[in-house]
Amino acid sequence: PKSVTLTVPLHRRKDCDFSYAGLKTNVRRAAEQLVEERGIDTLEDLSHEDKANIAASFQNVAIRHIEMRLVRAMDLMRAQDETITSLALVGGVAANKELRRRLEEICEQKGWD
C-alpha cells in the first residue's frame, strides 16, 4: 500500500475537519505520472499491477486520514467526559475489513470498546 506516494489530507491541521479532495487530486497526479513514466498513452493503459498499487495506496492513506481525525476526536471527547469509551463504526464504510482492523487497534490502544 505504500508503493505510490500519497499525502494524508489536512495532516498539519489540529482540528477534526475531514476532506478527501486533496487525496483525489494526489491520486490523479500519481496515475498521470505513472502513465508518463511507462510511456503509455492513457490511464486505461496502466497495468493491472499499477492500478492495484494506486488503489492500495489510496486506501492506506484514506484510512490513515480517518485514523488521525478519529484519534483527535477521541482525545477531545475523553478530555470532556472520561466516561465516553465506545466507538461505533456504522454504514457502508463499516464493511471495509482493513478500516475495521485499524480502528480496532486504535480503540484497543486507547482502552475503548
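Residues numbered from 1 in each chain as written. Predicted model: local features only at pLDDT ≥ 70, side-chain atom pairs only at ≥ 80, totals over all residues. Heavy atoms only, no water.

**Some words on the overall build of the protein chain**
Helix and strand counts for the protein chain stand at three helices and zero strands. Along the chain direction, N to C, the helices and strands of the protein chain fall in the order α-α-α. Taken against the 2.2 N^0.38 rule, which gives 13 Å for 113 residues, the C-alpha radius of gyration of the protein chain at 17 Å runs more than 25% over that of a compact globule. Its C-alpha atoms put the protein chain at 55 × 25 × 20 Å along the principal axes. When each of the 113 residues of the protein chain is scored for burial, the buried share is 30%. Taking the intrachain contacts of the protein chain between residues at least 6 apart in sequence as the baseline, contacts between residues at least 24 apart amount to 68%. Accessible surface, the protein chain: about 7600 Å² in total, of which carbon and sulfur atoms supply 51%. Separation between the mean location of the 18 positive side-chain charges and that of the 19 negative ones in the protein chain comes to 3 Å. (Helix = DSSP H or I, 4+ residues; strand = E, 2+ residues; numbered from the N terminus. Rg over C-alpha atoms; globule rule 2.2 N^0.38 Å. Buried < 20%, exposed > 50% of the residue type's maximum accessible area, 1.4 Å probe, protein only. Contact = heavy atoms within 4.5 Å. Areas by Shrake-Rupley, 256 points an atom, 1.4 Å probe, with all protein chains shown as cover. Lys, Arg positive; Asp, Glu negative; His and termini not counted. Charge placed at Lys NZ, Arg CZ, Asp CG, Glu CD.)

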